[in-house]
Amino acid sequence: MTVDEALREAVRRLSESGVESPNVDAEWLISELISCARSEIAINEKRELSQEEQCLLSDQLVRRERREPLQSILGTTSFFGFDFCVGPEALIPRPETESLVEHAIQFVKPHPSSMVLDLGTGSGCIAIALAKFCPGTKILASDLHGPALKLAKQNAMRLNALSQIAFCQADGMAALAKNESVDLIVSNPPYIPTSEIRTLQPEVRKHDPPIALDGGADGLYFYRQLAIEGFPRLKKKGQLIAEFGDGQATAVTEVFRQAAWANVEIKNDLGGRKRIVIASTGF
């Protein structure tokens, strides 16, 4: 079987199984298989695949047909210019979360000795990206889910960020010592209403950990916690930056205003959708 034949067969199988982007996914699988860029597949189209390569591709296609995320099959995904290991332990980093990191960097950059709390670190993508772009910053990355924390540590080690990040398995603000405060709290908490989880795409519903998705009855459970418990844990002129879901901007804004935050702003993600809340202590 040649590369061209394998590509056409992969596209056919993925299309028939209902994968949203069969051509792109097939190209990613083939390019990783033969160790070339997607743009170089055409110049390798006559290359014969070995029996071992054909078996590996077949196994990967079966997994993708079962709607396992492409990133999990490949084992890595790109986020903020870095390759992160991914798996069922934590939510796969999404492009929209890069906007959260950009706002966090803008806040931290002028204050290189800042202390940051990353609540629900998951794969560690937010904490590690911050560490790489803000060398003097110290970050406490916490997560209640032990396997996610293990994955985050693995990523920090691979990307040489361990010297700036401390990891802690804890629930919410319990990650901080009594009376301890930070300059910035960042979080991408679960925000899917419980009743809506069953309507999500199979890639998310079946493969992302439920603990990273379920935001309670209305999806706002963790924002209420952040709004009430986060304020007293921030230093003077501190900020809290969090991601939220589509259509939640008004409700999230109200949650923070009711908790008496001095200033609450809503920012768009890279796709132009309202996605980020920035709440400031104001003193």
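One can find the structure itself at the top, above this paragraph.
Throughout what follows, the structure given in this document is the object of discussion. (Residues numbered from 1 in each chain as written. Predicted model: local features only at pLDDT ≥ 70, side-chain atom pairs only at ≥ 80, totals over all residues. Heavy atoms only, no water.)

### Re the sheet that holds strand β3 (residues 115-119)
Okay, so step 1: On the basis of which strands lie adjacent, the open sheet formed by 7 strands has the order β5-β4-β3-β6-β7-β9-β8 and mixed pairing. Two strands in the sheet have a free side with no partner beyond their single neighbour: β5 (165-169) and β8 (263-268). For this sheet, the mean angle separating the axes of adjacent strands, direction not counted, is 20 degrees.
Okay, so step 2: Two elements, β8 and strand β9 (residues 274-280), share 6 bridges in a ladder whose sense is antiparallel. Looking at the pairing, Lys 267 lines up with Ile 276 of β9.
Okay, so step 3: The strands touched by helix α7 (residues 146-158) within the sheet are β4 (138-143) and β5, with β5 carrying the most contacts at an inclination of about 170 degrees.
Okay, so step 4: Each of β3, β6 (182-187) and β7 (234-243) is contacted by helix α9 (residues 221-230), which is oriented at about 175 degrees to β7, the strand it contacts most. (Pairing = 2+ DSSP bridges. Helix = DSSP H or I, 4+ residues; strand = E, 2+ residues; numbered from the N terminus. Axes fitted to C-alpha atoms, helices over the stretch in contact; angles between N-to-C directions. Contact = heavy atoms within 4.5 Å.)

### Focus: the pattern of salt bridges
Okay, so step 1: The final tally for this structure, using the stated rule, is 17 salt bridges.
Okay, so step 2: Here Arg 64 ties to Asp 25 by a salt bridge, and the two come within 2.8 Å at their closest N and O atoms. Of this pair, Arg 64 sits in helix α3 (residues 51-65) while Asp 25 sits in helix α2 (residues 22-33), placing them 39 residues apart in sequence. Just as Arg 64 is buried, Asp 25 falls in that class too.
Okay, so step 3: Among the ionic pairs, Asp 269 bridges to Arg 275, the shortest N-O distance being 3.2 Å. Each member of the pair, Asp 269 together with Arg 275, is buried.
Okay, so step 4: What emerges from the salt-bridge pattern is a single network uniting Asp 25, Arg 64, Arg 67 and Glu 203. (Salt bridge = Lys/Arg side-chain N within 4 Å of Asp/Glu carboxyl O. Buried < 20%, exposed > 50% of the residue type's maximum accessible area, 1.4 Å probe, protein only.)

### Thoughts on the side chain of Asp 25
Okay, so step 1: By relative accessible area, which is 5% here, Asp 25 ends up buried.
Okay, so step 2: Leaving out residues up to four positions away in the same chain, Asp 25 has contacts with Leu 14, Val 19, Arg 64 and Leu 70.

### Here we look at the state of the cysteines
When the sulfur atoms of two cysteines share a covalent bond, that bond is a disulfide.
Okay, so step 1: According to the stated counting rule, one finds 0 disulfides in the structure shown.
Okay, so step 2: Of the cysteine sulfurs around Cys 55, a residue in no disulfide, the closest is that of Cys 36, at 20 Å.
Okay, so step 3: With no disulfide partner, Cys 168 has as its closest neighbouring cysteine sulfur the one in Cys 125, 18 Å distant. (Disulfide = S-S within 2.5 Å.)

### A look at the environment of Leu 159
Okay, so step 1: Within the secondary structure, Leu 159 is located in the loop between α7 and β5.
Okay, so step 2: The spatial distance from the C-alpha of Leu 159 to the C-alpha of Ala 212 is 23 Å, given a sequence separation of 53 residues.
Okay, so step 3: Setting aside residues up to four positions removed in sequence, Leu 159 forms contacts with Phe 82, Asp 83, Phe 84, Ile 128 and Lys 132.

### Examining unusual backbone geometry
Okay, so step 1: Positive phi is not limited to glycine here, since Asn 160 has a value of about 55 degrees.
Okay, so step 2: Relative to the elements of secondary structure, Asn 160 occurs in the loop between α7 and β5.
Okay, so step 3: With a phi angle near 70 degrees, Asn 179 is a residue other than glycine that sits in the positive phi range.
Okay, so step 4: Note on placement: Asn 179 falls in the loop between β5 and β6.

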